[in-house]
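One-letter residues, chain by chain:
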Amino acid sequence: MSPGAKDALAERYRALVQRLRTAEDNFGKAPGSVQLVAVSKTYPAEDVRAVAELGQQHFGENQLQDAMQKIPHLEDLGLTWHFIGPVQSNKCRDVALYFDWVHSVDRLKIANRLSQLRPADAPPINLLIQVNLQNESTKAGVAPEAVSELAKTISALPNTKLRGLMAIPSPETDLDRQRQVFRMLRELLDETNRALDLEMDCLSMGMTDDMEAAVAEGATHVRIGTAIFGARQKPLVA
């Protein structure tokens, strides 16, 4: 990476962090209470290292083969890795080995395999249930009315820890309408916790264009890529 490119990356990252901290302040959230997950999919390991050197510890990937090439080269940094894309059954072994969090569990079969394949010497893998809030046929995720039953079963699995819910709403530019959708996810989390006596504590919601609305409605994790790393690159691995 050239010095100019590295400086531009640092400038984008610092601007995004400031934007996140401003949102926390504007909506009465504690400073630093919302975890930034820097979505590094398709970007090379040197870009991830450059951002990590600025203090970023949590990174998100959704292309497994690409991630498996990068993660070993960055092992010395002690980063926390989040898998944020659809999980296929035949990929569960590698996801369970390489990642600390999975934001996109939408069926029991996947949760079971992650539980079975998590290395015995590793801490429990943190799981979030992906919810298809708006019944979009092009998106993964469980229907809101099915969350309770799935959460009940996943919460009993060994080698995993059910942490909360994740959603990817349809694009919307109006802040109030953005907030309405995120509010649905927050209320669903609260209802599920009460009904099942669970202690799920995470809401993974909000990306570059709707981060403020997500923070306002209680996001604990926001997933940001382009605003940090710049224009999306072609995958390193097909």
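The structure under discussion appears in the preceding block.
To start, this report covers the structure provided alongside it. (Residues numbered from 1 in each chain as written. Predicted model: local features only at pLDDT ≥ 70, side-chain atom pairs only at ≥ 80, totals over all residues. Heavy atoms only, no water.)

## Points about the overall build of the protein
Our working rule: Helix and strand labels come from DSSP, where a helix needs a run of H or I of at least four residues and a strand needs a run of E of at least two; each type is numbered from the N terminus. Our radius of gyration is a C-alpha quantity, and the globule rule it is checked against amounts to 2.2 Å times the number of residues to the power 0.38. The classification of residues rests on relative accessible area computed with a 1.4 Å probe and restricted to protein chains. Under 20% of the type maximum is buried, over 50% is exposed, and intermediate values are partly exposed. The contact criterion used throughout is that any non-hydrogen atoms of two residues lie within 4.5 Å. The Shrake-Rupley method, run with a 1.4 Å probe, gives the accessible areas here. Residue values count only the displayed protein chains as cover.
Summing up its helical and strand segments, the protein has nine helices and eight strands in all. By the compact-globule yardstick of 18 Å for 238 residues, the protein fits well, its C-alpha radius of gyration being 17 Å. Looking at the protein as a whole, 49% of its 238 residues are labelled buried. Considering only contacts in the protein between residues 6 or more positions apart, those separated by 24 or more positions represent 59%. Carbon and sulfur atoms make up 48% of the accessible area of the protein, which totals about 11300 Å².

## Regarding the packing of aromatic side chains
In this description, a pair of aromatic rings is defined by centroid distance and the angle of the planes. Operational definition: Ring pairs are drawn from Phe, Tyr and Trp, using the six-membered ring of Trp, whenever the two centres fall within 6.5 Å, and their geometry is named by plane angle: stacked under 30 degrees, edge-to-face over 60, tilted for the rest.
As enumerated under the stated definition, the model contains three aromatic pairs in all. Look at F59 and W81: their rings are 5.8 Å apart centre to centre, the planes differ by 40°, and that puts the pair in the tilted class. Here W81 lies in strand 3 (residues 80-83) and F59 lies in strand 2 (residues 58-61), a separation of 22 residues in the sequence. A centroid spacing of 5.1 Å and a plane angle of 75° characterise the contact between F83 and F99, whose relative ring orientation is edge-to-face. Taken together, the residues span a long stretch of sequence, with F83 in strand 3 and F99 in the loop between helix 4 (92-98) and strand 4 (101-105) at a distance of 16 residues.

## Topic: the pairing of strand 3
Rules: At least two DSSP bridges between two strands are needed for those strands to be called paired. With the strands aimed away from the viewer, a crossover counts as right-handed if its path from the first strand over the helix to the second runs clockwise.
In strand 3, alternate side chains face the same way, and those of T80 and H82 on one face and W81 and F83 on the other are all buried. Where strand 3 meets strand 4, two bridges bridge the pair, whose relative direction is parallel. Bridging from a neighbouring strand, F83 pairs with V102 of strand 4. In this fold, the crossover linking strand 3 to strand 4 by way of helix 4 has right-handed handedness.

## Considering helix 7 (residues 175-196)
Put simply, the rule reads: Helix span, expected: 1.5 Å multiplied by one less than the number of residues in the helix. Note that the arc is computed from the directions linking the helix axis to the C-beta atoms. Distance and chemistry together define a polar contact, namely a pair of N or O atoms within 3.5 Å, with one atom able to donate a hydrogen and the other to accept it when in protein, and with adjacent residues in sequence counting only for side-chain atoms on both sides.
Counted at 1.5 Å a residue, the expected span for helix 7 with its 22 residues is 32 Å, and the 32 Å between its end C-alpha atoms agrees. Within the span of helix 7, buried status applies to Q178, V181, F182, L185, L188, L189, T192 and N193. The arc that holds the buried residues of helix 7, viewed along the axis, is 130°, so those residues lie on one side. Opposite the buried face of helix 7, at more than 90 degrees from it, the exposed residues are D176, R194 and A195. Turning to helix 7, the residues buried within the fold contact helix 6 (147-154), strand 6 (160-166), strand 7 (202-204) and helix 8 (211-216). A distance of 3.1 Å separates the backbone nitrogen of D176 from a side-chain oxygen at the start of helix 7, and that oxygen is part of D174. Remark: D197 follows helix 7 within two positions and exhibits a positive phi of approximately 55°.

## Focus on the side chain of N193
The residue N193 is located in helix 7 in this model. Taking relative accessible area as the criterion, N193 reaches 13% and is therefore assigned buried.

## Let's talk about the pattern of salt bridges
For clarity, the cut-off: One speaks of a salt bridge when a side-chain nitrogen belonging to Lys or Arg is within 4 Å of a carboxyl oxygen belonging to Asp or Glu.
Inspection of the entire model under this criterion finds twelve salt bridges. Residue E53 is joined to K6 by a salt bridge in which the shortest nitrogen-to-oxygen separation is 3.3 Å. Highlighted residues: E53 in the loop between helix 2 (45-52) and strand 2 and K6 in helix 1 (residues 3-26), separated in sequence by 47 residues. For E53, a relative accessible area of 52% gives the class exposed. Judged by its relative accessible area of 38%, K6 falls in the partly exposed class. One salt bridge in this structure joins R186 and E217, with 2.6 Å as the shortest N-O distance. In this pair, R186 sits in helix 7 while E217 sits in the loop between helix 8 and strand 8 (221-224), placing the two residues 31 residues apart along the sequence.

## Let's talk about the pairing of strand 8
Side chains H221 and R223 of strand 8 all project onto a buried face; the interleaved residues V222 and I224 project onto the opposite face, where all are buried too. Looking at chain direction, strand 1 (residues 35-39) and strand 8 are connected through four bridges and run parallel. Considered in strand 8, the bridge of Q35 is made with H221.

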